[in-house]
Amino acid sequence: MGTLNLDALSFRYPGRGENVLDKVTLAIPAGGIFGLLGPNGAGKTTLISILAGQLRGATGRISAGDEPLEALRRRRPHSLGLVPQEYAFYPMLTCAENLRFFGAMQGLAGARLRERVAAAAAFARVESVLGRRAGRLSGGLKRRLNLAIGLLGEPEILLLDEPTVGVDPQSRAFLLESIRSLAGAGRTIVYTSHYMEEVEAICDRVAIIDSGRVLVSGALSEVIRDDSDLEELFMQLTHRSLRD
Amino acid sequence: MRRLLALWEKEYLALSRDLLGLAVLFLMPAAFIVVMSLALSDVFRGGPARQTEFAVIAFDGPEFAKQLTERLAGDGFHPSPEPAERGVLHVTKPALTLIVPLGFERALGTPLGKAGSPPALKLVADPTLPPALLLAFQQRVLGVVLALRVSAMMRQAGIAANADAFDLKRAATLSVETIGGSGRPSSVQQNVPAWLIFGMFFVVMPISSLFVVERREGTLARLVSLRVPFSMLLLGKVGPYFVVNLAQAALMLLAGRTLVPWFGGETLALPARWDLLAAVTACTSFAAIGWGLLVAVCSRTLEQATVIGGVGNILAAAVGGIMVPRFVMPESMQKLSEASPMAWALDGFHAVILRQGGAADIAAPCAKLLALAAALLAAALWVHHRRRVLVSAQ
């Protein structure tokens, strides 16, 4: 799969006057981690939702290499994986039942399903809690289960929407290391976060968006110049006024 | 198909771990069946099955009081063991007290309209006595008085005649046959299908609750991102709750056969045509699930789902003859009840259980329920399509 290209992508929620995304153009190369940054309400989650196929009605073009993303997903339905910022699993089901369910929803069955459940559980280090109800896990384990579910279908494009919110430093370090290793396997990873040090630590390229517009985009080393850091740049571009 | 089976299994697992939801679906209708069958048992009893006490106070003397009492007794009316001999009327017992004024017996032989006609009788009735029973006793009193008057007049004419010969009870033999041959509906036969239907429609609660949680927690968005069609997500709810509705039907019929008689009520008479019962149950289930899906799609919060689903069900039950039998409603309310899907379902169940009807008898209610189910499902898909937004993104 080649570069994920977003070309003049715009979106407006029904019944609202302003565009949430306004002609967003980005190039997200394969085999790296792309940091998508912005204050609350900037349009990050909307952009992720459009890429994941949850929101319809966006104008513009999204392509993976030479092929429209929609065509790729029709051809390979599980080429894209999503790890949303919510704990998007069933709290009343056990971890194993959640993994089996979401695996089955991606068309996996039999030995292949068992193999993928075991691999995803091992990758996210949740093997020891497979029999426990997901709702009773700690915050860190819930985040890891969320990640494991997103990896079941071995997606080529992985969308990670604030995957480290509410976890302790140990779990955060583990999650970041895991995500870095996923990029090493040639996947395209879009990563949103409010933690600038995380983005600086694992992302190759970043884009800062606000009010649906791209303020800056490029390689991390190009975006951060002189002696400033990412947080300083972020505050300069998006200003200090509270957003919510 | 594999994905649909996985959705059904997930729904089954989620429901089986929701003890409160299971209690609402199974214990609530069973409790209503037992309580309401016992509470309303007298309302459904007619004639001798229902015992009503009466007393006679005759100022012409105890012999005339005894004669009237013997003639009035029967068909469910029996003399009070505590006769109001001293003229003291109890507050509630006996339910009926006939007061015969002085000179009534002597005046029986006087032709009507002439001077000296019998003075007026007075009937004192318990205000909670059903009007039909009061009317029946009134007719009974008039029949007895007519027989006494005719025999007295014939005696005056020199013809020996016993008043028994003119007793209306002996005028003719009249047998009553009910449609279907199963006799009058008993309390349990009204209440088992009624509260079964009520319980079946309560699948709206777990269906909509889980759906709201799925949307709020992002699982629905994740499933959509896995390219699971929304129609399949809805179908994923139909299978498990159809099985739940069938299980409810089996258990509520069992409650009518075992639990109600165990508490002292009547035993439910089962229908001869189980296939028709299954058909009515299936059609009711589809309508109930369709309602659940529409509420699920329309509700944004658990509170909305609970209020819309719960209040909607209670209103449909109140109007549809579930809580109050339709035959005791005034005509205008009976017409209004025809708009309630629960009334259609009750018509179907009554056609099978009470009237031992055939396929033609359940065709209309089943068609209405299926049409409603299709309309509700279409409305759920339309509402989803209109919103075009599945997640509370931003």
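Up top is the structure these notes are about.
Keep in mind that this is a model prediction, so the values were computed, not measured.

Rules of the game
- Residues numbered from 1 in each chain as written.
- Chains lettered and ligands numbered in written order.
- Predicted model: local features only at pLDDT ≥ 70, side-chain atom pairs only at ≥ 80, totals over all residues.
- Heavy atoms only, no water.
- Buried < 20%, exposed > 50% of the residue type's maximum accessible area, 1.4 Å probe, protein only.
- Helix = DSSP H or I, 4+ residues; strand = E, 2+ residues; numbered from the N terminus.
- Contact = heavy atoms within 4.5 Å.
- Buried area = accessible area lost by both parts, 1.4 Å probe.
- Salt bridge = Lys/Arg side-chain N within 4 Å of Asp/Glu carboxyl O.
- Polar contact = N/O pair within 3.5 Å; in protein donor to acceptor, adjacent residues only side chain to side chain.
- Nonpolar A, V, L, I, M, F, W, Y, C, P; charged D, E, K, R; others polar.

Q: Explain helix α3 (residues 95-105) of chain A to me, please; I cannot follow it from the model alone.
A: One full turn of an α-helix is made of 3.6 residues, so residues set three or four places apart face in the same direction. Of all eleven residues making up α3 of chain A, ten are buried, and the element is well covered by its neighbours. Among all positions in α3 of chain A, only C95, A96, E97, N98, L99, F101, F102, G103, A104 and M105 of chain A are buried.

Q: Help me understand the interface of chain B and chain A in this model?
A: When the parts of a complex come together, some accessible area is lost, and that lost area is often taken as the interface size. Across the contact, 31 residues belong to chain B and 42 residues belong to chain A. Carbon and sulfur atoms supply 59% of the area that chain B and chain A bury against each other, a total of about 3,200 Å² over both sides. In this structure, the connection of chain B to chain A is made through two salt bridges. Our enumeration of links across chain B and chain A arrives at ten residue pairs in polar contact (both at pLDDT 80 or more). Counting residues per element, the ones that place at least two in the side of chain B that touches chain A are α1 (2-16), α8 (204-217), α9 (219-225) and α15 (359-387) of chain B. Here the side of chain B that touches chain A takes seven residues from α1 of chain B, the largest share from any one element. Residue composition of the side of chain B that touches chain A, grouped by class: 14 nonpolar, six polar and eleven charged.

Q: Hey, could you run me through the pattern of salt bridges in this one?
A: A full pass over the atoms with the stated rule returns 18 salt bridges over all chains. The residue E70 of chain A makes a salt bridge to R227 of chain B at a minimum N-O spacing of 2.8 Å. With E70 of chain A in helix α2 (residues 69-75) and R227 of chain B in the loop between α9 and α10 (230-262), the pair connects residues from two separate chains. For E156 of chain A, the salt bridge identified is with R76 of chain A, shortest N-O distance 2.6 Å. Separated by 80 residues along the polypeptide, E156 of chain A in the loop between α5 (139-151) and β7 (157-161) and R76 of chain A in the loop between α2 and β6 (80-83) bring together distant segments of the chain. E156 of chain A sits in the partly exposed class, given a relative accessible area of 23%. Judged by relative accessible area, which is 32%, R76 of chain A ranks as partly exposed.

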